[in-house]
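# Observations on the three-dimensional arrangement
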Amino acid sequence: MNEVVVVAKFRVKENFLDEVYADVVELHKKTHANDEGCIQYDFHKDLNDKYSFTFVETWASMDALSKHEQKEHFLTCIQNIQDKLESITIDKLEKIKI
């Protein structure tokens, strides 16, 4: 299988912006430092909505992504933020090399 791209978009409930931001920044740092197979793990803020964010990730394989999703730093972040989000969408895509 080719590389896997994840696009995760989420909107934070207004009163939890600082908390969620801190958790996600920590996830970003630990992922870059600890997760093999992580090619790209970028965090973006929506220009029109300060409560909306997007992760764009590229993983060497589905196996690498699956291992990331089982890591303590990932699971802790998800647990910490899940009730503080208004919405979340996650798309997993296979990167096509042209």
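This text gives an overview of the structure that appears in the document. (Residues numbered from 1 in each chain as written. Predicted model: local features only at pLDDT ≥ 70, side-chain atom pairs only at ≥ 80, totals over all residues. Heavy atoms only, no water.)

## Some words on the overall build of the protein chain
Of the regular secondary structure elements, the protein chain holds 3 helices and 4 strands. The secondary structure elements of the protein chain, listed N-terminal to C-terminal, are β-α-β-β-α-α-β. For 98 residues, the compact-globule estimate of 2.2 N^0.38 gives 13 Å, and the protein chain sits close to it at 13 Å. C-alpha extents for the protein chain along the principal axes are approximately 40 × 30 × 20 Å. A buried classification covers 36% of the 98 residues belonging to the protein chain. Sequence-distant contacts in the protein chain: of pairs separated by 6 or more residues, those separated by 24 or more amount to 70%. Carbon together with sulfur atoms contributes 49% to the accessible area of the protein chain, which is approximately 6400 Å² in total. (Helix = DSSP H or I, 4+ residues; strand = E, 2+ residues; numbered from the N terminus. Rg over C-alpha atoms; globule rule 2.2 N^0.38 Å. Buried < 20%, exposed > 50% of the residue type's maximum accessible area, 1.4 Å probe, protein only. Contact = heavy atoms within 4.5 Å. Areas by Shrake-Rupley, 256 points an atom, 1.4 Å probe, with all protein chains shown as cover.)

## Observations regarding the packing of helix α1 (residues 17-34) against helix α3 (residues 72-81)
Contact pair α1 / α3: the axes reach a minimum separation of 9 Å and the direction vectors enclose 170 degrees. The angle between α1 and α3 places the two elements in the roughly antiparallel class. On the side of α1, the interface is formed by Val 20, Asp 23, Val 24, Leu 27, Lys 30, Thr 31 and Asn 34, while α3 contributes His 73, Phe 74, Cys 77, Asn 80 and Ile 81. For the contact of α1 with α3, the residue count by class is 6 nonpolar, 4 polar and 2 charged. (Axes fitted to C-alpha atoms, helices over the stretch in contact; angles between N-to-C directions. Parallel < 35°, antiparallel > 145°, perpendicular 65-115°, else oblique. Nonpolar A, V, L, I, M, F, W, Y, C, P; charged D, E, K, R; others polar.)

## Remarks on α1
Compared with the 26 Å implied by 1.5 Å per residue over 18 residues, the 26 Å span of α1 between its first and last C-alpha is a close match. Residues of α1 that are buried: Leu 17, Val 20, Asp 23, Val 24, Leu 27 and Thr 31. All buried residues of α1 fall inside an arc of 135 degrees around its axis, so they share one side. Turned more than 90 degrees away from the buried face of α1, the exposed residues are Asp 18, Lys 29 and Ala 33. Contacts from the buried residues of α1 go to β1 (4-12), β2 (38-45), β3 (52-59), α2 (62-68), α3 and β4 (85-94). (Expected span 1.5 Å × (residues − 1). Arc of directions from axis to C-beta.)

## A closer look at the packing of aromatic side chains
In this description, an aromatic ring pair is defined by two values, namely the gap between the centres and the angle between the planes. Across all of its chains, the model carries 9 aromatic pairs by this definition. Plain terms: the ring middles of Tyr 21 and Phe 43 are 6.0 Å apart, the flat faces sit at 40 degrees to each other, and that makes the pair tilted. Highlighted residues: Tyr 21 in helix α1 and Phe 43 in strand β2, separated in sequence by 22 residues. Take Tyr 21: its relative accessible area is 43%, and that puts it in the partly exposed class. Pairing Phe 43 with Phe 53 gives two aromatic rings, centres 5.3 Å apart and planes at 15 degrees, and the pair type is stacked. Of this pair, Phe 43 sits in strand β2 while Phe 53 is found in strand β3, placing the two residues 10 residues apart along the sequence. Put simply, the rings of Phe 10, Tyr 21, Tyr 41, Phe 43, Phe 53, Phe 55 and Trp 59 touch in pairs and so form one group of aromatic residues. (Phe/Tyr/Trp six-rings, centres within 6.5 Å; stacked < 30°, edge-to-face > 60°.)

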